[in-house]
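One-letter residues, chain by chain:
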Amino acid sequence: MSFLTSLARSWLTRSLKPFTFKSDYDQVLPYENLDNLGLYVHLPFCKSICNFCPYCKKLYSEEESNRYIDALIKEIHLVGSQSKEKKKVTSLYFGGGTPALSAPRIKEIIEAINEHFIITEGIGLELHPENVNKDTLQILKDAGVTKISIGIQSFREKYQSILGRRSVDTKAMKEALEAVPFETVSMDFIFALPSQTYEDLKADVDEAFELGANHVAIYPFIDFTFTSSKVKALPKKEKRALLDAITKHCQEKGYPRSTIWTFSSKPEAKYSSMTRETFLGFGCSATTLLRDQFKINTFDVDAYIKRIEEGKLPTSLTIRFKKRQRMVYWLFWTAYSTSVDEKDFEKFFGVPLKKMYRFELWLAKKIGYLAEKDGVYTMTLKGAFYYHYFENFYTLSYIDKMWGIMRKEPFPKQIKL
Ligand SMILES: C[S@@+](CC[C@H](N)C(=O)[O-])C[C@H]1O[C@@H](n2cnc3c(N)ncnc32)[C@H](O)[C@@H]1O
Ligand code: SF4
């Protein structure tokens, strides 16, 4: 598996050199001149820990969460004050963990962000189903949150028990969502769970839209090696049949695909922290993607707080890109939106996309992965499946290895992927 990703990487970057992440880091981040910058804030605490979940998370304690948020606000000021003027950014997303557990302090975090940044496309935040009540939603809305994402995983009892999740009080959820509306109400599902049928998945998606969602994210189950979960995903053929069938169903019901994993019932309903050319991340495990570098913060809450108290950035590892490596990163992140506009590529890199990847684009069109119209390359149904497939490989070969190490070592010396 890692042989395949290495091969693809070597081909696309035209180099045998691996991606090397090192511990030296920049205390001043060059983000001032970037367009389309997004922001991400990570809050790692959860009321209970799901054994399938790979994210950087910790059991909630009010005292620790408060100390963490104090440090987080300092990190925002450390980075934000590096820009001479208030910097325009597209969006701000809170992920986790379960950020809604810190609802009473979200306003304070947003105010810290607003001191340095101007957010033009709204603020998104993740909730566990148990956080969906009128009071919490109102606190979030008053703080400025405009989009919410609820981690349902499945409404079916069978899959909830496979995943070790409790059942969802759908009546209370519907009432709360009706009482406190948001521009985007997204619900997360996991598919390709053992013996999962199309009927099961369809019932989940339909129920989400009936309960008030206008956006759903359907993630393929990934069996990370460092989690204790024993759940195995469905084989490739069944996964593809499920994905194709649910994509068609969503399209027919009037919920077209909005990104590789998401479907929405209106174009304004968006929830994606991924499809950005560049972004700044704050908090444990948060990543930052700039013009020539990608960096990742430490996963360890204590180490994170200590660094910030010393007035230093909590960066654990940084990769400084060669030109082709950066192009592959750009294409990979941008392709989450299922289309790539050659004008955007040329604006970012100053060279035409066709000049750099003429053969690959021709091949992808020839084998039916991409369709082109006026310089915009859009993934076909087949292309979207293979993107999923490649993403899975990438996740298991790169992210799995990296996160597996970072969960144990706050500041590793170097990681080669
Ligand atoms: C940070 S959680 C969402 C918010 C909240 N903590 C919750 O669980 O409801 C982000 C999402 O990642 C997805 N996810 C977690 N572990 C996964 C795995 N092993 N494979 C695929 N998707 C996963 C789930 O759909 C989950 O809702
Ligand atoms: S899935 Fe959500 S609630 Fe469960 S451990 Fe992961 S972040 Fe926490």
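Residues numbered from 1 in each chain as written. Chains lettered and ligands numbered in written order. Predicted model: local features only at pLDDT ≥ 70, side-chain atom pairs only at ≥ 80, totals over all residues.

A.B. asks: I'd like a description of the nonpolar core, backed by residues and values.
C.D. replies: The biggest cluster of nonpolar side chains holds 95 residues, and the ones touching the most others in it are Leu 39, Val 41, Leu 125, Phe 191 and Val 216. Taken together, domain 1 (1-17 + 326-409) and domain 2 (19-264) each give at least three residues to this core, which thus spans both. If we ignore the near neighbours within four places in the chain, the residues touching Leu 125 are Phe 94, Pro 99, Ala 100, Ile 106, Leu 140, Val 145 and Ile 148. (Core = buried A, V, L, I, M, F, W, Y, C linked by C-beta atoms within 7 Å. Buried ≥ 20, exposed ≤ 12 C-beta atoms within 10 Å, placed from the backbone. Domains from an automatic or database assignment. Contact = placed C-beta atoms within 7 Å.)

A.B. asks: Requested: an account of the domain arrangement of the protein, with residues and values cited.
C.D. replies: In terms of domains, the protein is made up of domain 1 (1-17 + 326-409) and domain 2 (19-264). Computed from C-alpha coordinates alone, the two centres of domain 1 and domain 2 are separated by 24 Å. With 14 residues of domain 1 at the interface, the matching set in domain 2 holds 13 residues. Within the side of domain 1 that touches domain 2, the residues separate by chemical class into six nonpolar, six polar and two charged. (Nonpolar A, V, L, I, M, F, W, Y, C, P; charged D, E, K, R; others polar.)

A.B. asks: Give a description of the pairing of strand E9 (residues 147-153) that names residues and reports values.
C.D. replies: Buried residues dominate E9, accounting for seven of its seven residues. The pairing of strand E8 (residues 123-127) with E9 spans four bridges and is parallel. Across the sheet, Leu 125 pairs through a bridge with Ile 148, a residue of E9. Once the chain exits E8 it traverses helix H4 (residues 134-143) before rejoining the sheet at E9, and the crossover so formed is right-handed. Two strands pair when backbone bridges link them, and E9 and strand E10 (residues 184-191) are joined in this way by six bridges, in the parallel orientation. (Helix = DSSP H or I, 4+ residues; strand = E, 2+ residues; numbered from the N terminus. Pairing = 2+ DSSP bridges. Right-handed = clockwise from strand over helix to strand, strands pointing away.)

A.B. asks: Explain the sheet that holds strand E19 (residues 376-379) to me, using residue names and the numbers behind them.
C.D. replies: Sheet architecture is open: three strands sit in the order E17-E19-E18, paired in antiparallel fashion. Each of the sheet's edge strands pairs with one partner strand only, and the pair in question is strand E17 (339-341) and strand E18 (370-373). The mean angle between the axes of side-by-side strands here comes to 20 degrees, regardless of whether they run parallel or antiparallel. Here four bridges tie E18 to E19, and the two strands are oriented antiparallel to one another. Residue Lys 373 lies in a different strand from E19, and its bridge partner there is Val 376. (Axes fitted to C-alpha atoms, helices over the stretch in contact; angles between N-to-C directions.)

A.B. asks: Quick rundown of the site of ligand 1? Include the residues and the values.
C.D. replies: What surrounds ligand 1 is a group of 18 residues, the closest being His 128, Gly 151, Asp 188, Tyr 219 and Ile 222. Of all the secondary structure elements, the ones that give two or more residues to the shell around ligand 1 are strand E6 (92-96), E9 and E10. In the shell around ligand 1, the residues fall into ten nonpolar, six polar and two charged. (Near = placed C-beta within 6 Å.)

A.B. asks: For the packing of helix H3 (residues 103-116) against H4, give the residues involved together with the corresponding values.
C.D. replies: It is at 9 Å that the axes of H3 and H4 come closest, and there the two elements cross at 5 degrees. The angle between H3 and H4 places the two elements in the roughly parallel class. For the pair H3 and H4, the contacting residues are Ala 103, Pro 104, Ile 106, Lys 107 and Ile 110 in the first and Thr 136, Ile 139, Leu 140 and Ala 143 in the second. (Parallel < 35°, antiparallel > 145°, perpendicular 65-115°, else oblique.)

A.B. asks: If you had to explain the site of ligand 2 to someone new, which residues and values would you point to?
C.D. replies: As a matter of local geometry, ligand 2 sits amid Cys 46, Ile 49, Cys 50, Cys 53, Tyr 55, Lys 57, Gly 96, Gly 97, Thr 98, His 128 and Gly 151. When grouped by side-chain class, the residues that make up the shell around ligand 2 number five nonpolar, five polar and one charged.

A.B. asks: Could you give an account of the environment of Ser 154, naming the residues involved and the relevant values?
C.D. replies: Mapped onto the elements, Ser 154 comes out in the loop between E9 and helix H5 (157-163). The exposure class assigned to Ser 154 is buried, which follows from the 24 C-beta atoms found within 10 Å. Once the C-alpha coordinates of Ser 154 and Ser 167 are considered, the two residues, 13 residues apart in sequence, prove to be 8.9 Å apart. Those residues in contact with Ser 154, other than ones at most four positions away along the chain, are Tyr 159, Gln 160, Phe 189, Ile 190 and Asp 204.

A.B. asks: Could you give me a rundown of helix H2 (residues 62-80), with the residues and numbers involved?
C.D. replies: The end-to-end C-alpha distance of H2, which contains 19 residues, comes to 26 Å, matching closely the 27 Å that a straight helix rising 1.5 Å per residue would cover. Of the surrounding secondary structure, the elements contacted by the buried residues of H2 are strand E2 (37-43), H3, strand E7 (117-119), strand E13 (278-282) and helix H9 (301-309). (Expected span 1.5 Å × (residues − 1).)

A.B. asks: Quick one: what's the story with the packing of H2 against H3, residue by residue and with numbers?
C.D. replies: Viewed as axis vectors pointing N to C, H2 and H3 meet at an angle of 10 degrees, and their least axial separation amounts to 9 Å. Classed by the angle they form, the pair H2 and H3 counts as roughly parallel. Taking contact as the criterion, the partners of Ile 69, Leu 72, Ile 73, Ile 76, His 77 and Gly 80 in H2 are, on H3, Arg 105, Glu 108, Ile 109, Ala 112, Ile 113, Glu 115 and His 116. Its residues placed into classes, the contact of H2 with H3 shows seven nonpolar, three polar and three charged.

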